[in-house]
Amino acid sequence: MSQADTLVRERTSSPLWTLGLFRSELTITFRRWRTLALLGVLAAVPVLIGIAIRVETSGGGPVGDGRGGGPAFITQITNNGLFLVFAALAATLPVFLPMAVGVVAGDAIAGEANSGTLRYLLVAPAGRSRLLLAKYATACAFCLVATLVVAVSALAVGSLLFPLGDVTTISGTRISFGDGLLRAALVAAVVAASLSGIAALGLFISTLTGSGIAAMATTVGLLITVQILDTIPQLHGIHPYLFPHYWLSFADLMREPVYWDEVLKNLGLQGVYAAVFGSAAWARFTAKDITA
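Residues numbered from 1 in each chain as written. Predicted model: local features only at pLDDT ≥ 70, side-chain atom pairs only at ≥ 80, totals over all residues. Heavy atoms only, no water.

In this section: empty space enclosed by the protein. In total, this model carries one cavity of 30 Å³ or more according to the counting rule given. In this structure, the largest cavity encloses a volume near 120 Å³. Lining the largest cavity are 14 residues, and of these Thr29, Arg32, Val104, Asp107 and Ala108 lie nearest its centre. Examining the composition of the lining of the largest cavity, we find that five residues originate from one element, helix H5 (residues 96-115), more than from any other. (1 Å grid on protein atoms, 1.4 Å probe; cavity = no way out; pocket = protein on both sides within 12 Å on 5 of 7 lines; lining within 4 Å. Points joined across faces, edges and corners; volume = space filled by probe spheres on them. Helix = DSSP H or I, 4+ residues; strand = E, 2+ residues; numbered from the N terminus.)

What follows is the structure in structure tokens.
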């Protein structure tokens, strides 16, 4: 082995070099106009919810039909703006957040192939396993950033339009506003982790095609299909194995004491999806003939 080959091997095996690859992927992803547009849309959802509730209750009337109908936590927002965080996450988690993650993850590999940069990335050399790991880590980072954008936007709007104070949990007990903020941070972390399964699925689909648009459309299409399957009563036997089934279990974090059963089921299920589809993506990508 030549000295140049030795230097290349040492460079690509360095943890710092791998971290640099991850930083590069982060920079590229979050500088794209598409990513910024997705985050902008997510930030706008809590604003629209907050303004709609403020207008509806401006005359002193209740939210909705006054019987607690509508999205989770929405009837509590007028009493405490912090609940806008929970309501916004409950509103965006079934559709907006996973669709945004599906777009980013689906474009991870297929987008590079479509633009003709994938082969140059591997020639660099990045190493297929390290590149795939960096892509998935970037998708997971987007899950966290997207969730925080919704949560921070909701907290800002909630504090501007509604009063803040002690928080009444689902169990009926009261906790301090500081404890409520900690619960909100925990909820955001769980919601971000809930998206890791769809991120792995999108990454796997991205390794199957050279078209970024096709990969994104397929990922979003599968997301919608699984969501529909999860609502069909006749298919209740498979519901616990569908990745969105326990997504809204984060509401149990607002109980006193916290009810962890379904939250842990959700995190475990996302871990299984991440492991299965992450392994499938690795097996496909490491054996794939890269021509673009």
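Tallying each qualifying case throughout the model produces zero disulfides. Cysteine Cys143 remains unbridged, with the sulfur of Cys140 as its closest cysteine sulfur at 5.4 Å. For Cys143, a relative accessible area of 1% translates into the label buried. (Disulfide = S-S within 2.5 Å. Buried < 20%, exposed > 50% of the residue type's maximum accessible area, 1.4 Å probe, protein only.)

Considering all chains together, one arrives at six salt bridges under this definition. As a salt-bridge pair, Arg32 and Asp107 come within 3.8 Å of each other at their nearest N and O atoms. You can see Arg32 sitting in the loop between helix H2 (15-31) and helix H3 (33-56) and its partner Asp107 sitting in helix H5, a full 75 residues away along the chain. Look at Asp107 and you get buried, because its relative accessible area is 10%. Salt-bridge contacts for Arg34 lead to Asp107; the nearest nitrogen and oxygen are separated by 2.6 Å. With Arg34 in helix H3 and Asp107 in helix H5, this residue pair connects regions lying 73 residues apart in the sequence. (Salt bridge = Lys/Arg side-chain N within 4 Å of Asp/Glu carboxyl O.)

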